[in-house]
Amino acid sequence: MSGNVCIPQEGNGKVSRVIRMGTRKSQLARIQTDSVASTLKELYPDVHLEIVAMSTIGDKILDTALSKIGEKSLFTKELENALERNEVDIVVHSLKDLPTSLPPGFTIGAILQRENPHDAVVLHPKNAGLTLDSLPEKSVIGTSSLRRAAQLKKRFPQLEFENIRGNLNTRLKKLDEKDDYAAIILAAAGLKRMGWENRISQILGPEDCMYAVGQGALAVEVRAQDKDILEMVSVLHHPDTVLRCISERAFLKQLEGGCSVPVAVHTEVKESKLYLTGAVYSLDGADCLKDTMQTCVEIDNKVSESAPECVHVAVTANNISSSALDAAEKLGMDLANVLLNKGAKDILTTARKLNDAR
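Given the structure is predicted, the values throughout are model-derived calculations rather than measurements.

## Side note on the overall build of the protein
Okay, step 1: For the protein, the count of helices and strands is 11 helices and 16 strands.
Okay, step 2: Evaluated residue by residue, the protein yields a buried proportion of 52% over its 358 residues.
Okay, step 3: Once local pairs closer than 6 in sequence are excluded, the contacts in the protein between residues at least 24 apart make up 71%.
Okay, step 4: Accessible surface, the protein: about 15700 Å² in total, of which carbon and sulfur atoms supply 50%.

Here it is, written out as structure tokens:
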């Protein structure tokens, strides 16, 4: 059983399996891992879960913009190394931190129901009651994301945007204790999971700022050959979220985008149809290519037992209709190709070069 330990349960002589869960050390990562652990515990009361916390490169390099570090697996590499060395059995990530291709031998075994994927405005206490529209001209907004900055520069040209790094706690501290920023932009999902919803002054809708691929969803990464663990975590899959995120990841992969380019999405499942809006931006937001496409994703609960295992943009979801998964992946690729045909490659190449030269 892939080197997993078995310990006898007290009293009743039953043997309980130990599953080791890897996580980043940040408070948010721990909260996210604990929430997955408690769901697993409810579903599998005999399984003993052990949480192993570790620091990643992204947690250690705090003085450089993420897009400048250029490492695709910034928040995941150490965790994957532990998975490879059999030191942990599953790893909980924010899906948006996971590259669209994983190293050989790893797969995403579960994508849980998505929290609100939108971005949120958190104001400096002195600006309470204001919005991005009503903040004084030349107010400085902190964001570590090229995607957010590109969209918001175009939408709110009167504001200035500057880089801010650090985990959620650090960024809020920088906002509150100094006068450098009038507001900062953070993922609503993280604030909600931390219990800091009261700090959200404004949720940015798609007309202001579309979100990152996979934003708001948690993913469970496992060793692809651990069929028993793969099966165990697969019950955590939330079908609509899986289909939305597969289309988003396929879109990003086909564009060859990553942290160092501004790519944004918006998805929705309505009446068996999956809608995907995707966009690419120049760093200043002046150039933008955006389009929307849809596909039919009838969720067929009659999943064939004999169906071969399929992986879609590093996601294994054998308990979801393969035709729906195929359609979602094709939608993402098709939309990316529409934008590439309109010149998305040039916008992204220029954005990448400019970002590298900063």
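Don't stop here, the text continues.
## Quick look at the sheet that holds strand 7 (residues 140-142)
Okay, step 1: Strand order across the open sheet formed by five strands is 8-7-9-6-10, with mixed pairing between neighbours. Each edge of the sheet is formed by a strand with only one pairing partner; in this case those strands are strand 8 (160-162) and strand 10 (202-204). Between one strand axis and the next, the sheet turns by 30 degrees as a mean value, whatever way the strands run.
Okay, step 2: Here strand 6 (residues 119-123) runs beside strand 9 (residues 183-187); their pairing, made up of five bridges, is antiparallel.

## Focus on the nonpolar core
Okay, step 1: Core analysis: the biggest nonpolar cluster contains 48 residues, and Leu95, Ile108, Ile111, Phe251, Leu255, Val263 and Val280 have the highest contact counts within it.
Okay, step 2: Elements supplying a minimum of two residues to this core: helix 4 (77-84), strand 5 (106-111), helix 9 (239-255), strand 12 (263-270), strand 13 (273-281), helix 10 (322-341) and helix 11 (344-357).
Okay, step 3: Ignoring sequence-local partners within four residues, the contact set of Ile111 consists of Leu95, Ala217, Leu218, Leu236, His237, His238, Thr241, Val242, Cys245 and Val315.
Okay, step 4: Judged by nonpolar contacts, the second largest core, of 19 residues, contains Leu49, Ile90, Val222 and Met232.

## Section: the environment of Ile51
Okay, step 1: Structurally, Ile51 is set in strand 3 (residues 48-54).
Okay, step 2: Placed 40 residues apart in sequence, Ile51 and Val91 show a C-alpha to C-alpha distance of 9.6 Å.
Okay, step 3: Each residue touching Ile51, except ones within four places of it in the same chain, is listed here: Met21, Thr23, Arg30, Thr33, Asp34 and Ala37.

## Brief notes about unusual backbone geometry
Okay, step 1: Within the chain, Lys138 stands out as a residue other than glycine whose phi angle is a positive 70 degrees.
Okay, step 2: Along the chain, Lys138 turns up in the loop between strand 6 and strand 7.
Okay, step 3: The backbone of Ala314 sits at a positive phi, close to 75 degrees, despite the residue not being glycine.
Okay, step 4: Among the residues examined, Ala314 registers a relative accessible area of 12% and is labelled buried.

## Regarding the confidence of the model for the protein
Okay, step 1: Across the protein, pLDDT averages 88, with 86% of residues at or above 70.
Okay, step 2: Within the protein, the lowest mean pLDDT, 43, falls on strand 1 (residues 6-8), and the highest, 98, falls on strand 6.
Okay, step 3: Across residues 1-14 the pLDDT falls below 50, and counting only partners more than four positions away or on other chains, this stretch makes 29 contacts in the model.
Okay, step 4: Predicted confidence for residues 68-72 stays below pLDDT 50, and this span has 12 contacts to residues more than four positions away or in other chains.

## A word on the pattern of salt bridges
Okay, step 1: Scanning the model with the defined rule gives 20 salt bridges in all.
Okay, step 2: A salt bridge links Asp89 to Arg20; the nearest nitrogen and oxygen atoms lie 2.8 Å apart. In this pair, Asp89 is assigned in the loop between helix 4 and strand 4 (90-94) and Arg20 in strand 2 (residues 15-24), connecting sequence segments 69 residues apart.
Okay, step 3: Among the residues examined, Asp89 registers a relative accessible area of 0% and is labelled buried.
Okay, step 4: What makes Arg20 buried here is its relative accessible area of 11%.

Calculation rules
- Residues numbered from 1 in each chain as written.
- Predicted model: local features only at pLDDT ≥ 70, side-chain atom pairs only at ≥ 80, totals over all residues.
- Heavy atoms only, no water.
- Helix = DSSP H or I, 4+ residues; strand = E, 2+ residues; numbered from the N terminus.
- Buried < 20%, exposed > 50% of the residue type's maximum accessible area, 1.4 Å probe, protein only.
- Contact = heavy atoms within 4.5 Å.
- Areas by Shrake-Rupley, 256 points an atom, 1.4 Å probe, with all protein chains shown as cover.
- Pairing = 2+ DSSP bridges.
- Axes fitted to C-alpha atoms, helices over the stretch in contact; angles between N-to-C directions.
- Core = buried A, V, L, I, M, F, W, Y, C linked by side-chain atoms within 4.5 Å.
- pLDDT = per-residue confidence, 0-100.
- Salt bridge = Lys/Arg side-chain N within 4 Å of Asp/Glu carboxyl O.

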